[in-house]
Amino acid sequence: MRKWKVLIVDDEFRIGMLIKKMIHWEEFQLECLDVVDNGERAFDVIQSDQCPDIVITDIRMPKVSGLELIEMTRAKNKKIKFVVVSGYKEFEYAHQALQYGVEDYLLKPISEVELNRVMKKIATELGAYWRGVIETEKMQRTVSESRHIIKRDFLKNIIETQDEMNEEDSSIVLEGEIYRGIDIKLDYVDYNKRDKKQDRLTISRIEEIVEGILKADAKEVLTCEKENLHLYCLFNYDYSKSKQIRNSINDILSEIKGYLLGFEQYEVTIGVGKERTEFGEIRFSIKEAHRAVGNRIKNGVGRLIYAEGIPYDARAKEGFLEEAWKEQLKSAVESYSPDRIEQLINQSYGTYMTSDEGDFSGCYDLAEELVNCFFEFVELHQEETERERKQILSNCQHCYTIRDLKQFLKNSLGGFVRESKEAAEAESVKPIRQAQKYVEEHYGEKIVLEDLAEIVGLNPVYFSVLFKKETGINFSMYLVNVRMEKAKELLCNTNETVAAIGDKVGYKDSRYFSQIFTKQVGIKPVLYRKLHS
């Protein structure tokens with residue numbers, strides 16, 4: 001809770017200190033700023049940063065009297081509460097003091113009760129006033145924030161809906177004769193170094209720059225942030241201000257670029273829509289601004305791009321990718337071919353790479369269509385692919401050269417295909433690893449392919465084909481190899497009979513075990529033991 005600062009002024013310093021001692025400081029939320037013994041010093045304190053809220057002053061003082069101090073303070077428009085103290089009962093002093101608007105007039109010797117009565121009254125009045133100021137400021141902030149939300153939502157509605165605009169139904173009154181939209185686009189220099197907190201602060205500062213520059217000439221300024229660091233602005237002005245507004249847009253770009261120099265993590269471009277005179281055409285100026293800023297991919301960043309100089313491209317409405325191209329993409333995805341995907345990306349951007357004229361904002365529309373089409377053919381968990389798709393689309397919006405956009409698509413989609421292939425291969429190897437582990441643990445038991453296929457959840461025929469593909473040998477030979485290796489270990493490291501060892505590795509018939517061992521190893525079990533023991 002705020003404390004009120006009190007300055008005590010009396011040419012008899014001991015009286016000033018006595019007054020200080022008499023005041024109930026904590027009870028009334030007061031604090032003593034200083035005790036001074038002349039009006040000149042008091043006036044210096046009043047003019048300083050430590051200006052008091054209350055001044056208790058003697059009337060009769062040399063050089064600058066208490067009444068002169070009040071007069072000088074009032075001339076400076078300082079809102080300070082004065083309490084006058086005097087040993088003189090002359091009415092003219094009291095009358096003159098009251099004319100200056102003092103809070104009270106105390107006579108010496110001062111009564112502690114009377115002094116604190118006055119201080120309590122003043123502290124109560126100051127508290128009530130301060131609460132009123134806080135409430136007023138809070139209400140003004142609420143109104144301002146509500147209006148900002150209404151304006152933001154109005155512009156958002158213009159951008160997102162296709163309904164016909166009607167001025168009579170609008171929650172915002174736009175009084176100017178001309179409507180114009182701009183799209184301020186920030187691109188990450190490195191989209192792998194995103195900083196959401198810094199993004200938020202930067203967008204807020206840009207909003208302040210826009211509103212600060214346009215407020216002189218525009219009737220109304222509306223701003224709305226959209227994903228991928230687009231800040232849309234709509235402003236309304238009179239014909240007479242067209243030239244000033246154009247200059248203001250230049251100033252906005254210059255000031256934003258100056259501000260961004262301290263970060264080195266953003267590039268800024270502004271797309272400028274055409275001037276519109278009909279309320280129902282507002283959205284067209286906004287869309288033109290968005291299309292204009294998309295042409296930074298050809299024209300370069302750090303500049304203004306006006307919609308007037310950009311031809312209309314009907315392909316964005318019709319779609320860029322032909323069915324035959326989509327079928328080739330599907331085949332490339334299903335065959336896990338990143339090279340083929342790269343070829344298709346090069347093919348789709350061929351016209352943009354060789355042309356110097358046209359609407360190059362289509363590069364981003366093409367990327368969106370290409371990415372969405374790609375993920376239609378990917379068979380993975382839906383949540384996982386949706387997250388990946390959105391991230392790729394977002395990063396596409398921060399590529400500001402055609403070459404960079406192409407390379408990003410190749411790296412992202414080609415990389416995704418490689419990872420998918422590795423995942424698919426790992427998934428196919430998984431049951432084989434499981435089967436091998438089972439054999440390692442149960443080689444002494446009866447194991448047949450059909451039973452093992454059932455254990456790993458595969459069709460026996462498919463399991464047999466997959467096992468040979470992954471290991472290079474069929475299952476029966478693999479089982480024999482495992483058993484023979486175990487038999488070798490037992491022959492070398494134990495004194496058990498050949499028959500007992502054969503039984504341990506899965507052969508109940510010792511003669512058959514010897515035959516298999518001799519065939520696989522090249523010598524009989526007994527001789528192998530003699531040679532290696």
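The structure we're discussing is the one just above.
Residues numbered from 1 in each chain as written. Predicted model: local features only at pLDDT ≥ 70, side-chain atom pairs only at ≥ 80, totals over all residues. Heavy atoms only, no water.

Below, the discussion takes up the overall build of the chain. Counting its regular elements, the chain contains 22 helices and 10 strands. Computed over C-alpha atoms, the radius of gyration of the chain comes to 43 Å, more than 25% over the 24 Å expected from 2.2 N^0.38 for 533 residues, which places it beyond the range of a compact globule. In terms of overall dimensions, the chain has a C-alpha envelope of 140 × 75 × 40 Å along the principal axes. Buried positions account for 44% of the 533 residues belonging to the chain. Taking all contacts inside the chain whose residues are at least 6 apart in sequence as the whole, residues at least 24 apart take part in 69%. (Helix = DSSP H or I, 4+ residues; strand = E, 2+ residues; numbered from the N terminus. Rg over C-alpha atoms; globule rule 2.2 N^0.38 Å. Buried < 20%, exposed > 50% of the residue type's maximum accessible area, 1.4 Å probe, protein only. Contact = heavy atoms within 4.5 Å.)

If you walk across this open sheet you meet the 5 strands as β7-β8-β6-β9-β10, and the pairing is mixed. Each edge of the open sheet is held by one strand with a lone partner, namely β7 (220–226) and β10 (304–306). On average, each strand axis in the sheet is inclined to that of its neighbour by 20°, with strand direction left out of account. Together, β6 (178–188), β8 (230–237), β9 (266–272) and β10 form the strand contacts of helix α7 (residues 242–260), whose direction differs from that of β9 by roughly 170°. (Pairing = 2+ DSSP bridges. Axes fitted to C-alpha atoms, helices over the stretch in contact; angles between N-to-C directions.)

Right, let's talk about the sheet that holds strand β1 (residues 4–9) for a bit. The strand order across the open sheet formed by 5 strands is β2-β1-β3-β4-β5, and the pairing between neighbours is parallel. At either margin of the open sheet sits one strand with a lone partner, and together these are β2 (30–36) and β5 (104–107). Between one strand and the next, the sheet's axes are offset by a mean angle of 20°, whatever the strand orientation. Pairing between strand β4 (residues 81–86) and β5: 4 bridges, direction parallel. Bridged to V85 within β5 is L106.

Let us now look at the side chain of K185. Relative to the helices and strands, K185 is located in strand β6. By relative accessible area, K185 is classed as buried at 0%. A distance of 3.0 Å separates a polar atom in the side chain of K185 from the backbone oxygen of N228. For K185, the side chain forms a polar contact with the main-chain oxygen of Q397, separated by 3.2 Å. (Polar contact = N/O pair within 3.5 Å; in protein donor to acceptor, adjacent residues only side chain to side chain.)

Right, let's talk about helix α8 (residues 282–294) for a bit. Taking 1.5 Å of rise per residue, 13 residues should cover 18 Å, and α8 covers 19 Å from first to last C-alpha, within 8% of that figure. The set of residues buried in α8 consists of I282, R283, S285, I286, E288, A289, A292, V293 and G294. (Expected span 1.5 Å × (residues − 1).)

Moving on: the packing of helix α19 (residues 475–493) against helix α22 (residues 525–532). Between α19 and α22, the shortest axis-to-axis distance is 9 Å and the interhelical angle comes to 55°. Classified by the angle their axes make, α19 and α22 are oblique. The two elements α19 and α22 cross, and the hand of that crossing is right-handed. For the pair α19 and α22, the contacting residues are K488, L490, L491 and C492 in the first and P525, Y528, R529 and H532 in the second. Classifying every residue of the contact of α19 with α22 gives 5 nonpolar, 1 polar and 2 charged. (Parallel < 35°, antiparallel > 145°, perpendicular 65-115°, else oblique. Left-handed = near helix turned anticlockwise from the far one by under 90°. Nonpolar A, V, L, I, M, F, W, Y, C, P; charged D, E, K, R; others polar.)

Turning our eyes to something else, we now look at the pairing of β1. Counting buried positions over the 6 residues of β1 gives 6, a clear majority of the element. Side chains W4, V6 and I8 of β1 all project onto a buried face; the interleaved residues K5, L7 and V9 project onto the opposite face, where all are buried too. With 6 bridges joining them, β1 and β2 adopt parallel strand pairing. Directly across from K5, in β2, lies its bridge partner E31. Between the parallel pair β1 and β2, the chain is carried across by helix α1 (residues 13–22), and the sense of this crossover is right-handed. Both β1 and strand β3 (residues 54–58) contribute to a ladder of 4 bridges, which runs parallel. Residue pairing for β3: V9 is matched across the bridge by T57. (Right-handed = clockwise from strand over helix to strand, strands pointing away.)

Taken as a whole and judged by the stated rule, the model has 32 salt bridges. A salt bridge links E26 to K3; the shortest N-O distance between them is 3.1 Å. In this pair, E26 sits in the loop between α1 and β2 while K3 sits in the segment before β1, placing the two residues 23 residues apart along the sequence. Owing to a relative accessible area of 55%, E26 belongs among the exposed residues under this scheme. As a salt-bridge pair, D238 and K219 come within 3.7 Å of each other at their nearest N and O atoms. Taken together, the positions of D238 in the loop between β8 and α7 and K219 in the loop between α6 (196–214) and β7 put the pair 19 residues apart, joining distant regions of the chain. What you see here is one network of salt bridges that share partners, running through D104, E114, R117 and K121. (Salt bridge = Lys/Arg side-chain N within 4 Å of Asp/Glu carboxyl O.)

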